[in-house]
Amino acid sequence: MAVFSYTGLEASLVVLAVFLAIVSAIVIATLICRLFSDASLPANLPWVGTEQRTGLLGRATANLSSVTNLRDLLDEGYNKYSKHNQTYVLPYFINGPQVILPSSQVRWLLEQPDSVLSQEMVNRQFLEADYTFLHANLVNDPVHPEIIQHQLTKKLGTFVDDVVEEASLCLEEIWGTDTEEWREVKVYDTMLHLIARLSTRVFMGLPLCRNKGFLKYCSSFIRNVALVAAAISLFPKFLKPFVAPIFTLYDYIQYLRCSRFMMPIIQDRLARLRDSQANLPLAGSKSPNDYVQWAIGHAIAKPIINIMELDPRVIACRFSILSFAAIQSSVITLTNALFDLASSPECAASLTTMCDEARRETASITPGQTAGNPAWSKSSLARMTHVDSALRESLRLNGFVERGIMKLVVAPEGVTLPDGSHIPYGTKVGVSGYSVHHDEDLYADAMRYDPFRFAKPPSTDRRPQALINTSEKFMGFSHGSHACPGRFFAANQLKIALAHIVLLYEIEPIPRRPVNQWFFGHIGPPMSETLRVRRRKA
């Protein structure tokens, strides 16, 4: 009879192997259940992607198809059901199925109170925010919505000069100053550096916004959040707290590196707050106009102060998440716009039109300015309707997510849809922005990039449709009361960035646009492709 004996290390490895086998079995069982589950949705709602199969087999076929053919499923659902005012079910193997309403029911969707349908909860679920946003579970909001609305938006005009200065200096560094030779540049990488500089100039000011280490860690934080969130979503809820730290380890390291730069600033501000006899930040001196001061001021302005909001870790973590929100979506939008412009048959003419517009609008003289001081301002940016339209059209054609408005049923009793169907608690319900944006009945030649589509006012008594304006036909920033609150800041820096690019550089046209990559509802731009640019001669 053989006798087995194990060393301590061998015994530990055996235990680990058994544990991993059990976890793997649980995950596989969970995925199999998801594959065949109807999510307790009513039987009268049709599923797309079933390929004429019914029941368990039909749902399994549809769920598997959603992994690689989500765009085809959206087209099928929109043309077969939405265009005929019918609701359908869009399979989502990773996150669970979505109930997609026809556009005619958008108003009903927006009228539902947050106690019935929550947009915030569905956003947190898509990004697995309770785990990917690190300290997000310590406070109600991982990012200050009040700070975005009351500080960033209201003070946009005060940041223009700083952002303009940063855009000009940064473009010289990343795209060069050679007016003779073309230079090949990686679009996504260089736009990431540019937008990171512009955002951190506003959030933290000089000199931190030009610190290469700080910029690297800020722009790297949760850069791959879609991948990490998808990986965490594979696990059942009770296992997520245990596996999430593994998947978020890289981001946690980036956060720690980023926070090393911020902690001395945060701790200094908090110390000065404690020492202030008036219990006001920086009493007796002018308060800095940056994110750290906004966060502290917001926390102490509340009738009842939540001490966690003054925790240096929470302030630093919220900054990292705010940077992600401000940087990544703008980088994707600007990268897409440059490839859309470069691959457009009217590339040269479009760039010339925008260059002339930017030059014209920034050459005007206003009180307090001289002829040699370009008039970059909030109002001059608002007059750049062609620059604005080029960005809005790119966001329409090549947005960074497929959903337009998506909400989660949070009413315990569920909710009854306009067609009488009753969907249960925990169901995601909304409208597909991708489908609406590519509807030929709403946008003539909808699959073509028309850079100045929105610069043409629909009637003589109306202004062109601006990038920040949302509607039932344009949901690049969602729509309704929960439309992206940061879109005003994003539009401001995107227009400054693109206006500087067309003012200062030529872009060589390309014969074909590189394709965007879909990943479970997230749509990534060309990540490694290049364009050739050359500095314009003065």
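Everything numeric in this text was worked out from a predicted model, so none of it was measured.

Parameters and conventions
- Residues numbered from 1 in each chain as written.
- Predicted model: local features only at pLDDT ≥ 70, side-chain atom pairs only at ≥ 80, totals over all residues.
- Heavy atoms only, no water.
- Helix = DSSP H or I, 4+ residues; strand = E, 2+ residues; numbered from the N terminus.
- Rg over C-alpha atoms; globule rule 2.2 N^0.38 Å.
- Buried < 20%, exposed > 50% of the residue type's maximum accessible area, 1.4 Å probe, protein only.
- Core = buried A, V, L, I, M, F, W, Y, C linked by side-chain atoms within 4.5 Å.
- Contact = heavy atoms within 4.5 Å.
- Expected span 1.5 Å × (residues − 1).
- Phe/Tyr/Trp six-rings, centres within 6.5 Å; stacked < 30°, edge-to-face > 60°.
- Lys NZ or Arg CZ within 6 Å of the ring centre and 35° of its normal.
- Pairing = 2+ DSSP bridges.
- Axes fitted to C-alpha atoms, helices over the stretch in contact; angles between N-to-C directions.
- Salt bridge = Lys/Arg side-chain N within 4 Å of Asp/Glu carboxyl O.

Q: Honestly, the overall build of the protein chain in this entry has me stumped. Any pointers?
A: On a plain count of helices and strands, the protein chain comes out with 20 helices and 12 strands. In terms of overall size, the protein chain behaves like a compact globule, its C-alpha atoms giving a radius of gyration of 25 Å where 538 residues would be expected to give roughly 24 Å. For the protein chain, the spread of C-alpha atoms along the three principal axes comes to 90 × 60 × 55 Å. For the protein chain, the proportion of its 538 residues judged to be buried stands at 53%.

Q: Explain the nonpolar core here, please?
A: Most often, soluble globular proteins keep nonpolar side chains buried together rather than apart. Membership of the largest hydrophobic core comes to 105 residues, with the highest contact counts inside it found for Trp175, Met191, Phe203 and Leu498. Take this core: its biggest share by element is 17 residues, from helix H15 (residues 312–343). Sequence-distant contacts of Phe203, that is, excluding residues within four places in its chain, are made with Leu152, Asp290, Tyr291, Trp294, Phe319, Leu322, Ser323, Ala326 and Phe489. If you look at the next biggest cluster of nonpolar residues, it comprises 23 residues, including Leu45, Ile405, Val409 and Ile423.

Q: What am I meant to see in H15 here?
A: Every α-helix winds through 3.6 residues per turn, so residues three or four apart in the chain are directed the same way. With 32 residues, H15 ought to run about 46 Å at 1.5 Å a step, and its terminal C-alpha atoms sit 46 Å apart, in line with that. A large share of H15 lies buried, amounting to 28 of its 32 residues.

Q: Just to check I follow, could you spell out the packing of aromatic side chains for this structure?
A: To describe a pair of aromatic rings, one takes the distance between the centres and the angle between the planes. Within this structure, the stated rule accounts for 15 aromatic pairs. Ring centres of Tyr434 and Trp518 lie 5.1 Å apart, and the angle between their planes is 85 degrees; on these two criteria the pair is classed as edge-to-face. In this pair, Tyr434 is assigned in helix H19 (residues 433–437) and Trp518 in strand E10 (residues 517–519), connecting sequence segments 84 residues apart. Since its relative accessible area comes to 10%, Tyr434 is described here as buried. An aromatic cluster is defined as three or more aromatic residues linked by ring pairs; in this entry it consists of Phe203, Phe214, Tyr217, Phe261, Tyr291, Phe319 and Phe489. Across the ring face of Phe454, the terminal group of Arg392 is positioned such that the distance to the ring centre comes to 4.6 Å. Over the ring of Phe474 we find Arg392, and its NZ or CZ is 3.8 Å from the ring centre.

Q: When you look at the sheet that holds strand E12 (residues 530–535) in this model, what are you seeing that I'm missing?
A: For sheets, the rule is that strands pair by backbone hydrogen bonds, running either parallel or antiparallel. Here 3 strands make up an open sheet; going across it, the order is E4-E12-E9 and the pairing antiparallel. The sheet is open, and its two edges are formed by strand E4 (183–186) and strand E9 (505–507), each paired on a single side. Pairwise comparison of adjacent strand axes, ignoring direction, gives a mean angle of 45 degrees for this sheet. For E4 and E12, the ladder comprises 4 bridges, and the chain directions are antiparallel. For Val185, the partnering residue across the bridge sits in E12 and is Leu531. Along the sheet, helix H8 (residues 156–175) contacts E4, E9 and E12; its crossing angle with E4, the most-contacted strand, is approximately 110 degrees. Sitting on the sheet, helix H9 (residues 187–203) is in contact with E4 and E12, with an inclination near 75 degrees to E4.

Q: Help me out: how do you make sense of the pattern of salt bridges in this one?
A: Opposite charge on two side chains permits them to pair, given that their charged atoms come into close proximity. Counted by the stated rule, this structure contains 29 salt bridges. Arg269 is paired through a salt bridge with Asp290; the nearest N and O atoms lie 2.7 Å apart. Placement of the pair is Arg269 in helix H13 (residues 249–275) and Asp290 in the loop between H13 and helix H14 (291–300), with a sequence separation of 21 residues. Relative accessible area serves as the criterion here: at 7%, Asp290 is assigned to the buried category.

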